[in-house]
Amino acid sequence: MNIMLFHSTYGLRPAVHAAADRLRAAGHKVWTPDLFEGRTFDTVEEGMAFQDGLGKDELLKRAILAAAPYSERGLVYAGFSLGAATAQTLALGDDKARGLLLLHGTSDIAENASVDGLPVQLHVAEPDPFEPDDWLSAWYLRMGRAGADVEIYRYAGAGHLFTDPDLDDYDAEAAEATWRTATGFLETL
């Protein structure tokens, strides 16, 4: 499988490279574009300030340009938090998308979004301050109306970015369960 893996608001950190290596070891081809051009951040607030300075349009443009050379191959779009939101936006706009793997995040869905049975898997903490229950319920319904085939996995007590071992949010058990389930999902695509 060809996977485009987008980083979180922390930037392209070691955890993203480790995730890509894990996916490569499972037989996938993985690209990890650096949407922040080398900048990484120690706090969510710093990352969000930088991201806000770039603007949503510039961030999306960078993501599209990163994916464009590979999209004809039929990509699985994946990402962490902000990267998941970016992956979702690209996958819903790419009729060749093979799947969508969301780790720790979702995004708004355009009213006219339409996909034909796109396989989607979401892994998110429970509770998650960035993905509250009412938002996730509405998101799930909108994704279904758009035609996606959605699975949601919740991890009680885990922090927001629980797959990143360098952050306080890290939860080894939840991270391992996520990667086991995600790897199985990718094998079905």
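The structure under discussion appears in the preceding block.
Quick look at the structure, then. (Residues numbered from 1 in each chain as written. Predicted model: local features only at pLDDT ≥ 70, side-chain atom pairs only at ≥ 80, totals over all residues. Heavy atoms only, no water.)

Turning our eyes to something else, we now look at helix 1 (residues 14-25). With twelve residues, helix 1 should cover 16 Å at 1.5 Å per step; its first-to-last C-alpha distance of 16 Å lies within 8% of that length. Gly27 sits one or two residues past helix 1 and shows a positive phi near 100°. (Helix = DSSP H or I, 4+ residues; strand = E, 2+ residues; numbered from the N terminus. Expected span 1.5 Å × (residues − 1).)

Of all eight residues in strand 5 (residues 119-126), six are buried; the element is thus mostly enclosed. You can see the chain leave strand 5, run along helix 5 (residues 133-146) and come back into strand 6 (residues 149-156), and the turn it takes is right-handed. (Buried < 20%, exposed > 50% of the residue type's maximum accessible area, 1.4 Å probe, protein only. Right-handed = clockwise from strand over helix to strand, strands pointing away.)

Both strand 5 and strand 6 contribute to a ladder of eight bridges, which runs parallel. Following the sheet pairing, Glu126 is matched in strand 6 by Ala156. (Pairing = 2+ DSSP bridges.)

We now examine the packing of aromatic side chains. Tallied over the entire structure, the rule returns six aromatic pairs. Their ring planes at 40° and their centres at 5.2 Å tell us that Phe41 and Phe50 sit as a pair that is tilted. Judged by its relative accessible area of 7%, Phe41 is buried. One aromatic cluster in this structure is built from Phe36, Phe41 and Phe50. Cation over ring: Arg142 sits above Trp135, and NZ or CZ is 4.9 Å from the ring centre. (Phe/Tyr/Trp six-rings, centres within 6.5 Å; stacked < 30°, edge-to-face > 60°. Lys NZ or Arg CZ within 6 Å of the ring centre and 35° of its normal.)

Looking now at the sheet that holds strand 4 (residues 99-103). Pairing is parallel in the open sheet, where six strands are placed in the order 2-1-3-4-5-6. The outermost strands of the open sheet, each flanked by one partner alone, are strand 2 (29-31) and strand 6. Across the sheet, the mean angle from the axis of one strand to that of its neighbour is 15°, orientation sign disregarded. Bridge analysis of strand 1 (residues 2-6) against strand 2 gives three bridges, and the strand direction is parallel. Each bridged residue has a counterpart across the sheet, and for Ile3 the counterpart in strand 2 is Val30. (Axes fitted to C-alpha atoms, helices over the stretch in contact; angles between N-to-C directions.)

Looking now at the environment of Gly144. With respect to the helices, strands and loops of the structure, Gly144 is situated in helix 5. On the basis of relative accessible area, Gly144 is assigned to the partly exposed category, the value being 40%. Taking C-alpha positions, Gly144 is 20 Å from Ala182, a pair spaced 38 residues apart along the chain.

A cis amide bond links Glu126 to the next residue, Pro127, at an omega of 0°. Tracing the sequence through the fold places Pro127 in the loop between strand 5 and helix 5. With phi around 75°, His104 is a residue other than glycine that occupies positive phi space. Tracing the backbone shows His104 in the loop between strand 4 and strand 5. Judged by its relative accessible area of 0%, His104 falls in the buried class.

Counting residues in hydrophobic clusters, the biggest one holds 34 residues, and the most contacted among them are Phe6, Tyr77, Leu100, Leu118, Val120, Trp139 and Met143. Elements with a minimum of two residues in this core: strand 1, helix 3 (56-67), strand 3 (75-80), helix 4 (82-92), strand 4, strand 5 and helix 5. Here this core takes six residues from helix 4, the largest share from any one element. Ile3, Tyr10, Val16 and Leu186 belong to the second-largest nonpolar core, a separate cluster that totals 21 residues. (Core = buried A, V, L, I, M, F, W, Y, C linked by side-chain atoms within 4.5 Å.)

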